[in-house]
Structures are given as structure tokens and as C-alpha cells.
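Take a look at the letters that make up each chain.
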Amino acid sequence: MPGRFISLEGGEGAGKSTQARALAAALGHRGIEAVVTREPGGSEGAEAIRALVLQGRVDRWGPRAETLMFAAARADHVATLIRPALAAGCWVICDRFLDSTRAYQGAAEGVDDAAILALHDFGSQGLLPDRTFVLDVPVEQGTARAIGRDGAGTDRFAARGAGFHQAVARGFRTIADREPERVRLIDASGDAAAVTTRLLAELSDWLA
Ligand code: Z5A
């Protein structure tokens, strides 16, 4: 049984971390071992870059520097955690991956999508998830959930305005429209258990 690579994407407060845990538990009940990880981070080197890129003033880094840091973190994460887990037959559930760079640094901050993909080819040898779920909630709802959890503007990205987060949401929807084989747009409003049921339905071809 080969490992499967699933990424969860979406704006802040969409419920990615909640669903990553719920999905891993649901797979566990079916006898499938799933490793839950996150970006930026997930490996020792990538967690060090996470601290650099998320903390400090909003203008601490420009979009190109951010793009390079996310790509470097991802290269370490892919090489040291994701590929070895997949090779061992585990499923990997990753809370954010490449599409976050395409939506945040690309769609919202103007970095060219082809440049982001070229960096990914170099850094992570082009590894793509087998399936990506974009958790779609209205920006105001996601922001309210994130604020309810940890207060307003707790990192360099959460601190940006509604216009920025709307551009991110459009970026994710564009990726889902253009890559329907890999990327599924999931209604992430409503209670968390209902969202998990929707995700499992989108995995039914692998779980049969
Ligand atoms: N970033 C980037 O710019 N480029 C990149 O390439 C990458 C990342 C990889 C990482 O922040 C930031 O880095 C991110 C983009 C940028 N910033 N933003 N914005 P992070 O890792 O610290 O956080 P996050 O990824 O943005 O996740 P999040 O907003 O913290 O939330 P979430 O994982 O989507 O949601 P959650 O933690 O599961 O749920 C949030 C709250 O809502 C929590 O209290 C839950 O109990 C609650 N919740 C969850 N689901 C529901 C439902 N269905 N109903 C009601 N309440 C719910």
C-alpha cells in the first residue's frame, strides 16, 4: 500500500488544523496510519525558518524574500519528513503546502506563479500532493474563528487587512478551478464534524 499525500489549504481560521487531526483520527479507525504535519515548519530546519518568517513587523520581509524562505522551509520538510514517511507507506496530511505560497505570495502579493513553481521544482523536486482540499469559508467567518482562538493579528500574515485575505481566497479558488484533478474546493462552513464527513466523501475512491 503506497503512502498518500494530502494537503489542506485555505485562509486563516478555515479549520485546516482541526480537519487535519480529525482526518488522521478517521483514517486511524480504518487502519491507516497518517502523519500530521504543517507548513511553514514540520521539520527542525523548517520550524527555524517558520519563526523567522512569521514573527516581527509586517514589512520585515518583502514577497520575494518570503517566497524564498517558504521554499527553503518546504525543501527541508519534504526531504526530511514527507518523502521518508511516504516511502514507509504512511499517509501524510499536511496543514498548508505549495498552494499557500501560490495564494499568499502569488495571488495576494504579486509573485509570478511560474517562478514559485520553478523554485518548488528545484527545492522539493516538484513533489505535489496526491489530493489537495481547499477549505472554503467566507473571510469574515475565518477571521472570527482565528480571533476567537488567539486574539487579533497574531502573526505577520494574520495582521493584514481584509483585502489581502480576500485576494488569498480568490487565489485558492483559481488554483482549484485550474487543477480539478488534484484540488477539491470544500465548503468548510458549518460544524467541524460535517466538514470531516465532506472530506472523507472526497477520499472514498481511496477508502473503498
Ligand atoms: N503562509 C504563507 O504566506 N505562505 C506559505 O507558503 C505558507 C504559509 C505555508 C501560517 O500561519 C501563516 O503563513 C499563514 C499563511 C502564511 N497565515 N495566515 N493567515 P499559521 O500556521 O500560524 O496559521 P494558519 O495556517 O493560518 O492556520 P489558522 O488560521 O491558525 O487556522 P486553521 O488551521 O485554518 O484553523 P483551526 O486552528 O483548525 O481553527 C481555528 C479556530 O476555529 C479554532 O478555535 C477551532 O476550534 C475553530 N473551528 C475549526 N473548525 C470549525 C468549524 N467548522 N466551526 C466552528 N469553529 C471551528
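The structure this text deals with has already been given above.
Residues numbered from 1 in each chain as written. Predicted model: local features only at pLDDT ≥ 70, side-chain atom pairs only at ≥ 80, totals over all residues. Heavy atoms only, no water.

1. A word on the nonpolar core
Definition in use: Put simply, a nonpolar core is a bunch of buried Ala, Val, Leu, Ile, Met, Phe, Trp, Tyr and Cys residues held in one set by side-chain atoms that sit within 4.5 Å of each other. Note on exposure labels: buried denotes an accessible area under 20% of the residue type's maximum, exposed denotes more than 50%, and partly exposed covers the range between, all computed with a 1.4 Å probe on protein chains only. By definition, any uninterrupted DSSP run of H or I lasting at least four residues is a helix, any uninterrupted run of E lasting at least two residues is a strand, and each is numbered from the N terminus. By definition, residues are in contact when any of their heavy atoms lie within 4.5 Å.
Core analysis: the largest hydrophobic core is formed by 21 residues, its most contacted members being Ile93, Phe133, Leu135 and Leu199. Those elements that place two or more of their residues in this core are β1 (5–9), α1 (16–29), β3 (91–95), β4 (131–136) and α8 (192–201). When residues of this core are assigned to their parent elements, the largest contribution, 5 residues, is made by α1. The contacts of Phe133, once residues within four sequence positions are left out, are Ile6, Ser7, Leu8, Glu9, Arg184, Ile186, Leu199, Glu202 and Leu203. Val53, Leu54, Met69 and Phe172 belong to the second-largest nonpolar core, a separate cluster that totals 17 residues.

2. Here we look at the site of the ligand
Note the cut-off: Here a residue is considered near a molecule or strand provided that any single heavy atom belonging to it is located within 4 Å of it. Whenever a nitrogen or oxygen atom comes within 3.5 Å of another N or O atom, the pair is scored as a polar contact, on the condition that within protein one atom can donate a hydrogen and the other can accept it, and that pairs from neighbouring residues in sequence are kept only if both atoms are in side chains. Here, Shrake-Rupley sampling with a 1.4 Å probe gives the accessible areas, and only protein chains in the shown set may cover a residue.
Around the ligand there are 28 residues in total, and Lys16, Thr18, Arg96, Thr101 and Arg149 lie nearest to it. Within the backbone of Gly13, one N or O atom sits 2.7 Å away from an oxygen atom of the ligand. One of the side-chain N or O atoms of Lys16 is found 2.5 Å from an oxygen atom in the ligand. For the ligand, whose unbound accessible area comes to 1,100 Å², protein coverage reaches 83%.

3. As for the packing of helix α3 (residues 63–87) against helix α5 (residues 113–124)
Inclusion rule: The convention used is that axes are lines fitted to C-alpha atoms, helices contributing only their stretch in contact, and that angles between N-to-C directions extend from 0 to 180 degrees. By the definition used in this description, the sense in which the near helix is turned from the far one sets the handedness, with an anticlockwise turn below a right angle giving left-handed and a clockwise turn giving right-handed. Ten residues, namely Ala, Val, Leu, Ile, Met, Phe, Trp, Tyr, Cys and Pro, are considered nonpolar, four, namely Asp, Glu, Lys and Arg, are considered charged, and the remaining ones, Gly among them, are considered polar.
Contact pair α3 / α5: the axes reach a minimum separation of 9 Å and the direction vectors enclose 35°. For the pair α3 and α5, the crossing hand works out as right-handed. Contacts between α3 and α5 involve Thr67, Leu68, Ala71, Arg74, Ala75, Val78 and Arg83 on the former and, on the latter, Ile116, Leu119, His120, Gly123 and Ser124. Here the contact of α3 with α5 is built from residues that sort into 6 nonpolar, 4 polar and 2 charged.

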